[in-house]
Amino acid sequence: MTLHELGQHTAEQFVRVCGRQPLWIAAAPGRVNVIGEHTDYNDGFVLPMAIDRYTVIAAAPAADGDGWIQLHSTAGNGAVSLDLSGPVTPGSKGAWSNYPVGVIAGFLGRGARPGGFDAVVHSNVPLGGGLSSSAALEVATATLLEAITGQKLDPVDKALLCQKAEHDYAGMPCGIMDQFISVMGKQDHLLLVDCRSRRPELVPMSDPAMALLVVNTNVKHELTGGEYAKRRAQCEQAAKALGVASLRDADAEMLERARGRMEEVDYRRARHVIGEIERTLHAAEGVRASNWPTVGQLMYASHTSLRDDYEVSCPELDAVVGIALDIGPKGGVAGCRMTGGGFGGCAVALVRTDAVAEVSERLASEYERRTGIEPALFVSRPAAGATVLKG
Ligand code: GLA
């Protein structure tokens, strides 16, 4: 479904639920991270791209009175009402509405006055698949509020406001990657983000010979659980042991020298982060030069490090990468790795465009044979970031 069709479909859902036409429609994409995993909260580099899967929100001014916001979702998760005359607080833990509510609170905190409105959310970003469905929902909400209030935020500010919503309202201490790419993605480009300076740099990826194939293991990933926060804490401990502000300031030599006075697990976490920052910079060079064998090898190395040193993979993700390796460059696969926070969700493979159909078929059947789970696969070109479709 194109974004235009998805927008139309969401408008129809709005008419069905609210009985009138929407005045505003905003959309924001999910993402796949090509490389640079668990580096964003270590002031490192990430290299994600937006995918052509979007969360769309259609809205119109409240029909009865100005003081309420009503949020509906087509995912059947129940509607939420917000009373604008009081403080906007998070709902129960795990509620889908905490993401948009956190963003609304962020706008209100900056003095924005959207007034009451009714909104319907519809998404084709797989939920809990490690493709940043939550960032897409936050950024779509922020984009909708920009349209409603007529006040556009600076893109970096907008991404940070959404990240804060996720921290404070959903209890997930995420980095900045997902919100940055959902706001700033550009068609046919990856986004190299320096998470220390917060400077984004577009890296063209328009070579028609290669495609990125997303393989959803259909094992749900759950990041609001403690493992993500634990990794962050271990990185902070490692940085402290190394005497640096963040692992961005460390290198492999420093780490080896400090090994004896570090917890073994912190040492391995730091080894992943330090190596991954380097790999990400090399991969960005590789993409610029269309050097696909190098990019592919870096992706495999990233996976190994995430599996062994960072311990955020799972047997199903390892199965996908193992199958990709078996297919190999002759079969059309240059590289493959888990993508996103880990513990399930998706892998991403760099595949020769002319081999996509055959590779997809082999990956899917072999994955199902090994795990008993049916995967979901799709190809996406680097897509555009958040946009206003109407209003
Ligand atoms: C999640 C977080 C991101 C990032 C990745 C791991 O997607 O939201 O900020 O830390 O995990 O790279």
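Preceding block: the structure.
K.L.:
Break down the overall build of the protein chain for me, with residues and values.
P.N.:
Along its length, the protein chain carries eleven helices and twelve strands. A globule of 391 residues ought to have a C-alpha radius of gyration of about 21 Å, and the protein chain, at 21 Å, matches this closely. Summarising its shape, the C-alpha atoms of the protein chain cover approximately 65 × 50 × 40 Å along the three principal directions. A burial count over the protein chain gives 58% of its 391 residues as buried. Taking the intrachain contacts of the protein chain between residues at least 6 apart in sequence as the baseline, contacts between residues at least 24 apart amount to 74%. Of the roughly 15,600 Å² of accessible surface on the protein chain, 51% is carried by carbon and sulfur atoms. Side-chain charges of the protein chain comprise 37 positive and 46 negative groups, with the mean position of each set lying 2 Å from the other.

K.L.:
I'd like to hear about the packing of aromatic side chains, residue by residue, with values.
P.N.:
For the structure shown, the criterion picks out one aromatic pair. On the basis of an interplanar angle of 70° and a centroid distance of 5.3 Å, the ring pair of Tyr41 and Tyr228 is categorised as edge-to-face. Here Tyr41 is found in the loop between strand 1 (24–35) and strand 2 (45–61), whereas its partner Tyr228 is found in helix 6 (residues 226–242), with 187 residues between them in sequence. Of the two residues, Tyr41 and Tyr228, both sit in the buried class. We note Arg53 situated over the ring of Phe378; from NZ or CZ to the ring centre the distance is 4.0 Å.

K.L.:
Tell me about the site of the ligand, and please be specific about residues and values.
P.N.:
Near the ligand there are 13 residues, and of these Glu37, His38, Asp40, Asp178 and Tyr228 occur at the shortest range. Measuring from an oxygen atom of the ligand, one finds a backbone N or O atom of His38 at 2.7 Å. The separation between an oxygen atom of the ligand and a polar main-chain atom of Gly175 is 2.8 Å. In isolation the ligand has 310 Å² of accessible area, and contact with the protein removes 97% of it. Residue composition of the shell around the ligand, grouped by class: six nonpolar, three polar and four charged.

K.L.:
Describe the packing of helix 3 (residues 133–149) against helix 5 (residues 177–184), and please don't skip the residues or the numbers.
P.N.:
Between two packed helices, what matters for the description is the angle formed by their axes and the separation of those axes. The N-to-C vectors of helix 3 and helix 5 enclose an angle of 50°; their axes lie 9 Å apart at closest approach. Classified by the interaxial angle, the pair formed by helix 3 and helix 5 is oblique. Of the two possible hands of crossing, helix 3 and helix 5 adopt the one that is right-handed. Mapping the contact onto sequence places Ala135, Ala136, Glu138 and Val139 in helix 3 and Asp178, Gln179, Ser182 and Val183 in helix 5. Among the residues forming the contact of helix 3 with helix 5, the class breakdown is four nonpolar, two polar and two charged.

K.L.:
Help me get a handle on the side chain of Arg232, residues and values and all.
P.N.:
Position of Arg232 among the secondary structure elements: in helix 6. Once residues within four sequence positions are removed from consideration, Arg232 is found in contact with Tyr41, Pro173, Cys174 and Gly175.

K.L.:
Would you mind going over the packing of helix 8 (residues 264–288) against helix 9 (residues 292–308) in detail, with residue names and values included?
P.N.:
Put simply, helix 8 and helix 9 touch, their axes get as near as 9 Å, and they point 165° apart. Compared by their axis directions, helix 8 and helix 9 come out roughly antiparallel. Note that helix 8 runs across helix 9; the crossing there is left-handed. Of the residues in helix 9, those in contact with Arg268, His272, Glu276, Arg279, His282, Ala283, Gly286 and Val287 of helix 8 are Trp292, Val295, Leu298, Ala301, Ser302, Ser305, Leu306 and Asp308.

K.L.:
Give a detailed account of the sheet that holds strand 11 (residues 376–380), specifying residues and quantitative values.
P.N.:
Read from one edge to the other, the open sheet built from four strands follows the order 9-10-8-11, with strand pairing classed as antiparallel. Each having just a single partner strand, strand 9 (333–338) and strand 11 make up the two edges of the open sheet. Averaged over neighbouring strand pairs, the angle between their axes works out to 20° when direction is ignored. Relative to strand 10 (residues 346–352), strand 8 (residues 210–216) is paired through seven bridges, and the arrangement is antiparallel. Looking across to strand 10, one finds that Leu212 is bridged to Leu350. Sitting on the sheet, helix 9 is in contact with strand 8, strand 9 and strand 10, with an inclination near 25° to strand 9.

K.L.:
Summarise the nonpolar core; cite the residues concerned and give the values.
P.N.:
With 74 residues, the main nonpolar core has Leu47 and Leu350 as its most contacted residues. Of all the elements, helix 8 adds the most residues to this core, at eight residues. Aside from chain neighbours lying at most four places away, what touches Leu47 is Asn33, Val34, Ile35, Leu190, Leu191, Leu192, Val203, Thr280, Ala283, Ala284 and Val287.

K.L.:
Can you tell me about helix 8, naming the residues and giving the values?
P.N.:
Between its first and last C-alpha atoms helix 8 spans 37 Å; for 25 residues at 1.5 Å apiece the expected length is 36 Å, and the two agree. Immediately downstream of helix 8, the backbone of Ser290 shows phi near 50°, a positive value.

K.L.:
Which residues make up the pattern of salt bridges, and what values go with them?
P.N.:
Inspection of the entire model under this criterion finds 28 salt bridges. A salt bridge links Arg31 to Asp178, with the nearest nitrogen and oxygen atoms 2.8 Å apart. Taken as a pair, Arg31 in strand 1 and Asp178 in helix 5 lie far apart in primary sequence, 147 residues in all. What makes Asp178 buried here is its relative accessible area of 18%.

Parameters and conventions
- Residues numbered from 1 in each chain as written.
- Predicted model: local features only at pLDDT ≥ 70, side-chain atom pairs only at ≥ 80, totals over all residues.
- Heavy atoms only, no water.
- Helix = DSSP H or I, 4+ residues; strand = E, 2+ residues; numbered from the N terminus.
- Rg over C-alpha atoms; globule rule 2.2 N^0.38 Å.
- Buried < 20%, exposed > 50% of the residue type's maximum accessible area, 1.4 Å probe, protein only.
- Contact = heavy atoms within 4.5 Å.
- Areas by Shrake-Rupley, 256 points an atom, 1.4 Å probe, with all protein chains shown as cover.
- Lys, Arg positive; Asp, Glu negative; His and termini not counted.
- Charge placed at Lys NZ, Arg CZ, Asp CG, Glu CD.
- Phe/Tyr/Trp six-rings, centres within 6.5 Å; stacked < 30°, edge-to-face > 60°.
- Lys NZ or Arg CZ within 6 Å of the ring centre and 35° of its normal.
- Near = heavy atom within 4 Å.
- Polar contact = N/O pair within 3.5 Å; in protein donor to acceptor, adjacent residues only side chain to side chain.
- Nonpolar A, V, L, I, M, F, W, Y, C, P; charged D, E, K, R; others polar.
- Axes fitted to C-alpha atoms, helices over the stretch in contact; angles between N-to-C directions.
- Parallel < 35°, antiparallel > 145°, perpendicular 65-115°, else oblique.
- Left-handed = near helix turned anticlockwise from the far one by under 90°.
- Pairing = 2+ DSSP bridges.
- Core = buried A, V, L, I, M, F, W, Y, C linked by side-chain atoms within 4.5 Å.
- Expected span 1.5 Å × (residues − 1).
- Salt bridge = Lys/Arg side-chain N within 4 Å of Asp/Glu carboxyl O.

Distances and angles like these do not, on their own, reveal function.
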